[in-house]
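Each chain is listed here by its residues.
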Amino acid sequence: MHAAQILVNAVVLGCLYACIAIGFSLVWGVLNVINLIHGSFIVLGAYLAFGLYNALHISPWYSIAVAAPLFFVLGYLLQRLLLNRVITAPVLVTLTMTFGLDLILNNAMIYFFKADYRKLTLTPSLGSVSIFDVVVPVDRLIATVAALALTGLLYLLLRRSRVGRAIVAVRLDRDAAVLMGVDVKSIYAIAFGLGAALAGCAGVLMALIFPISPLTSSGYLGKAFVVCVLGGLGSVSGALAGGLLLALVEGIGSTFFGPAHATTLSFILLIIFLILRPQGLLGRKGFE
Amino acid sequence: MNKSWVFRYARLAVPLWAAVVACVASNASAEDVIRFGAPLPITGPLAPEAIKQQQGYDLWAEEANKAGGISVGGKKYKVEIVYADYQSNTPRAVQATEQMITQGNVNFMFGAFGSGAAKAASTVSEKYKVPTLAATASSVQVYDQGYKYLFGTFTPNDTLTTPLTQIIKAKVPEVKKVAILARNDLFPLAIAQEMEKSAKANGFDLVYFEKYAIGTLDHSAALSQIKSLAPQWIFVTGYINDLLLVRKQMVDQEMKAPVVTMIAGPAYQEFIESGGKTAENITSASWWHPAERYDGKDIFGSTENFVKLFKAKYKSEPDYGQASAALCGALFQMAIEKAGSLDRDKVRDELARLDAVTFFGPVRFGANGQINSLDPPVFQIQGAKPVVLFPEAIKQGDLKVGVN
C-alpha cells in the first residue's frame, strides 16, 4: 500500500510539474528563448490568487480566469516591446535580457509583498479522499485536473486553431512560415503571451499547495528546466512525460535513498538524458 | 585685469574652501559616531531572517540615539549601523566582513546570519581583532575555534532539545517511537542531531532519521514513509517555508501523532497565521519568548518595555531573532560604556567579563564566547498563541497532546 501511495503522490506531483513547465517549454521551443522570468511569473500568479482570495474572497478556481488574460497581455507586451528587439540575437542575449527582467520583477515583488512566506488556506479546507488507504488531498487532485485541462487546451489550440498551426509552423521552420505569409513577430508575441498565461495559471494552482514567496521562483524555474530537458522541447506531451518522469524519480529516490538524495538523482537523470538523449523523451532531435 | 584675477581666484577658492570645510566637518562627525558592521543576507533565500535581524539592530540603534547615543568617557557617540548584503551566499559574507573592517571603518561587528555564515565570517573579524557579537549562531562548532573576539547570544542546541525530550517523556508516556526529518543545513541538521542524541538517551525508539535538501518543493514521499512507520512523535527541523510546507503535506496525508515538534518556524507569527488551525498543538523551542519577564540593566530595561517598543515600531510581536539582534546592540553598548573607550581590546575584555541581567535574560559568556546563562523556553501553539511550557518560572500552560 505504501508503494501505491508513493506512485499516486508521484503522478499528482508529475502533473503539477508539467503545469509549471508547459509555458516554459512553449517559449523555449517556439522562440528559442530560455525564459528566466518564468519562475517569477508563476509566483506573481500565486500572489494574484492569494490577493483575490483574501481581499475579495474569490476562489482560486475563478482566479484562473483572471490570471490567464492578464498574464497573456503582460507577456504579449513584454515580448512586443522588449524581447522582440533582441529576438534574432544569439541565445545568450535573450537569456541575459530575461535574467534582467526576472531580477526586476522578483525584486519588485520582494519590495511590494515582502520576502515573508504566505499560505493560501481555503476555508473550509477541501480535505482528502482516501481509497484503499491511499490518501490524495482534494486540492492537489483538483489542481492536477486543472493542470491536465490547461495542458489539453494548449494541445487543442496548437492542433486545431489557425493561430496554433501558425505557432507550430514558426517552430518547425521560421523562414518557410514567413514565405507562407505568417506574421512571425505577432506569432512570437502570442507564443510568449501564452507562455506567460500558462505560468500565471500554474501560479494560481501552486498557491493552493506551496507557500508563496518571491524566493520560491528559482525553485519553479529549476523544475521547469529539468522537465523540459527530460520531456523534450516544444511539445505539450513532452512536458507531461517529463513532469511524470521527474516526479517518479524523486518519489522513488526519496524512498530508497532518502529525501536528501532525491534532487541529486533527478539531476543525474538530467545529465544522462543530456548525454544519451538530448532531444528528451518526446522531443525532436536536432531542433534548436 | 587685476579685478578679473581676483574674481577668478575667488571663484576657485570658494568651492575649494567649501570642500575643505565639508571634509573637516565630516571627519568631526565621523569621530562622534560608532560604526557597527552588520553583514546580512538581505536578498536570497534567507532574506526573511535578515529582515528580522535588521529590525532588532535598527530598534536598538534608534533607542540608543534617542537617548543621545553611547556614553564613552563622558562623551556621547551616535550609533550607526552599516549593512552589507551578502545575498545568502556564505563566501560573500566573509568578503563583506573583510571589506567593512578594512574599508568601511567599522568599530565593531555583528555576526552574519546563522551558524554557518557566522563561523565563516568570524575568521576575518578574529584576524583583525574586531569584537563580534553573533545574534543567531547556536552551534557549538562556531565557538570551538579558540577565538577570543567572537561572542554569541544563543545557547548550544542541546539546551533546546533536552528539556523538550524530558517534558514529552514525563507527560506523554505513550510516546515510544520518534521520527526525525531535518533540513540538510548546518543549524537545522545540528538541532536534529541533538534531538537524535537526546531521544536515544531518554530511551525513545528512533524509527526514522532523514535529511531533505534545501529548496525541496515536495515532501510527500518522505511523509508517506514516516506515516507507514506510525511514530508517536514527529520532529521536523527547517526554516519557516519548509515547515509550512511539511505541515500542509502532513495534513494532506491525514497524518496524526500525539506530539509534533517543529524547529524553528513556530516561533514566528507568520507560521501561526499561515498555518491556521494546522499549527495548533505544535511544540517548539527557541532562545527567547516575549512572555518572559526580566528586569534588565540594558537600554531596553524590562522584557515588557522591549516588546512595547518593538510593537510600536513594527506593529508586530517580536520573536527570538529580532530580540537577540537588539540584545547584541545593547550588550555592545554596555561593554563600551563600561570600558569607557572605543579600544577594541578593552571592549572585548568587558564583553568577556559581562555578567548582567538584560531584557533577554541573564547574560554571561563562557570561555568559548557562547552564552551559558540562559534557559531557552519550550512552547506550544495553543489557541493561535505560543504558550510557554518551560522553564517553570515563566510557564503559561500545560502540554496538550494530539496533533491532527
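Residues numbered from 1 in each chain as written. Chains lettered and ligands numbered in written order. Predicted model: local features only at pLDDT ≥ 70, side-chain atom pairs only at ≥ 80, totals over all residues. Heavy atoms only, no water.

(A) Broad picture of the overall build of chain A. Scanning chain A from terminus to terminus reveals 11 helices and 2 strands. When the helices and strands of chain A are read in sequence order from the N terminus, they spell out α-α-α-α-β-β-α-α-α-α-α-α-α. In terms of overall dimensions, chain A is globule-like: its C-alpha atoms have a radius of gyration of 19 Å, near the 19 Å expected for 288 residues. Projected onto its principal axes, the C-alpha positions of chain A cover 60 × 45 × 35 Å. For chain A, restricting intrachain contacts to residue pairs at least 6 apart in sequence, the fraction spanning at least 24 positions comes to 78%. (Helix = DSSP H or I, 4+ residues; strand = E, 2+ residues; numbered from the N terminus. Rg over C-alpha atoms; globule rule 2.2 N^0.38 Å. Contact = heavy atoms within 4.5 Å.)

(B) Quick peek at empty space enclosed by the protein. Residue and element names in this part refer to chain B. Following the criterion strictly, the structure yields 4 cavities of 30 Å³ or more and no others. Counted as a void, the largest cavity has a volume near 140 Å³. If you trace the largest cavity, you find 16 residues lining it, with Phe-113, Thr-136, Phe-154, Tyr-268 and Tyr-320 closest to the centre. Broken down by secondary-structure element, the contributors of at least two residues to the lining of the largest cavity are helix H2 (47-66), helix H4 (114-127) and helix H12 (320-339). By residue number, the principal contributor to the lining of the largest cavity is H2, which donates 3 residues. Here the lining of the largest cavity is composed, by residue class, of 8 nonpolar, 6 polar and 2 charged. Each of domain 1 (32-155 + 291-364) and domain 2 (158-286 + 378-394) gives at least three residues to the lining of the largest cavity. (1 Å grid on protein atoms, 1.4 Å probe; cavity = no way out; pocket = protein on both sides within 12 Å on 5 of 7 lines; lining within 4 Å. Points joined across faces, edges and corners; volume = space filled by probe spheres on them. Nonpolar A, V, L, I, M, F, W, Y, C, P; charged D, E, K, R; others polar. Domains from an automatic or database assignment.)

(C) Main features of helix H6 (residues 162-172) of chain A. Residues and elements named next belong to chain A. Of the residues making up H6, those classed as buried are Gly-164, Ala-166, Ile-167, Val-168, Val-170 and Arg-171. Among the structural elements, helix H1 (2-31), helix H5 (138-160), helix H7 (174-179) and helix H8 (184-207) are those in contact with the buried residues of H6. Taking the backbone nitrogen of Gly-164 as reference, a side-chain oxygen 2.9 Å away marks Ser-161 as the first, capping residue of H6. (Buried < 20%, exposed > 50% of the residue type's maximum accessible area, 1.4 Å probe, protein only. Polar contact = N/O pair within 3.5 Å; in protein donor to acceptor, adjacent residues only side chain to side chain.)

(D) Layout of the layout of surface pockets. One number sums up the size of the largest pocket: a volume of about 1100 Å³. Residue lining of the largest pocket: 45 residues in total, with Lys119(A), Thr121(A), Glu273(B), Ser274(B) and Gly275(B) positioned closest to the centre. Of all the secondary structure elements, the ones that give two or more residues to the lining of the largest pocket are helix H2 (38-56) and H5 of chain A together with H2, helix H9 (240-252) and helix H10 (269-275) of chain B. Partitioning the lining of the largest pocket into residue classes produces 15 nonpolar, 14 polar and 16 charged.

(E) Structural detail: the domain arrangement of chain B. Residue and element names in this part refer to chain B. Structurally, chain B comprises domain 1 (32-155 + 291-364) and domain 2 (158-286 + 378-394). A C-alpha centroid distance of 29 Å is found between domain 1 and domain 2. Between domain 1 and domain 2, the residue contacts involve 14 residues of the former and 12 residues of the latter. Carbon and sulfur atoms supply 63% of the area buried between domain 1 and domain 2, which totals about 1200 Å² over both sides. Linking domain 1 with domain 2 are 1 salt bridge, by the criterion used here. (Buried area = accessible area lost by both parts, 1.4 Å probe. Salt bridge = Lys/Arg side-chain N within 4 Å of Asp/Glu carboxyl O.)

(F) Local environment of the sheet that holds strand S3 (residues 75-85) of chain B. Residues and elements named next belong to chain B. Sheet architecture is open: 6 strands sit in the order S2-S3-S1-S4-S5-S6, paired in mixed fashion. Looking at the sheet topology across the chains shown, the edges are occupied by strand S2 (70-72) and strand S6 (150-152). Going across the sheet, the axis of each strand differs from the next one's by a mean of 30°, ignoring polarity. Two strands pair when backbone bridges link them, and S2 and S3 are joined in this way by 3 bridges, in the antiparallel orientation. Within S3, the residue paired with Ser-71 across the bridge is Lys-76. Docked against the sheet, H2 engages strand S1 (33-40), S2, S3 and strand S4 (108-110), running at close to 165° with respect to S3. Along the sheet, helix H13 (residues 344-353) makes contact with S4, strand S5 (132-134) and S6, crossing S6 at roughly 35°. (Pairing = 2+ DSSP bridges. Axes fitted to C-alpha atoms, helices over the stretch in contact; angles between N-to-C directions.)

(G) Looking closely at the packing of aromatic side chains. Residue and element names in this part refer to chain B. Inspection of every chain in the model, using the stated rule, returns 35 aromatic pairs over all chains. Between the aromatic rings of Phe-151 and Phe-365, the centroid separation amounts to 5.1 Å while the plane-to-plane angle is 55°, which identifies the pairing as tilted. You can see Phe-151 sitting in strand S6 and its partner Phe-365 sitting in the loop between strand S13 (361-364) and strand S14 (378-382), a full 214 residues away along the chain. Of the residues examined, Phe-151 reaches a relative accessible area of 3% and is grouped as buried. Residue Phe-365 is classed as buried on the basis of its relative accessible area of 7%. Centroid distance Trp-233 to Phe-235: 6.3 Å. Interplanar angle 75°. Geometry classified as edge-to-face. An identical accessibility class is assigned to Trp-233 and Phe-235; each is buried. Members of the aromatic cluster, each reached through a chain of ring pairs, are Phe-113, Phe-154, Phe-187, Tyr-239, Tyr-268, Trp-287 and Tyr-320. Its guanidinium or amino end placed over the ring of Tyr-268, Lys-52 lies 4.0 Å from that ring's centre, counting from NZ or CZ. (Phe/Tyr/Trp six-rings, centres within 6.5 Å; stacked < 30°, edge-to-face > 60°. Lys NZ or Arg CZ within 6 Å of the ring centre and 35° of its normal.)

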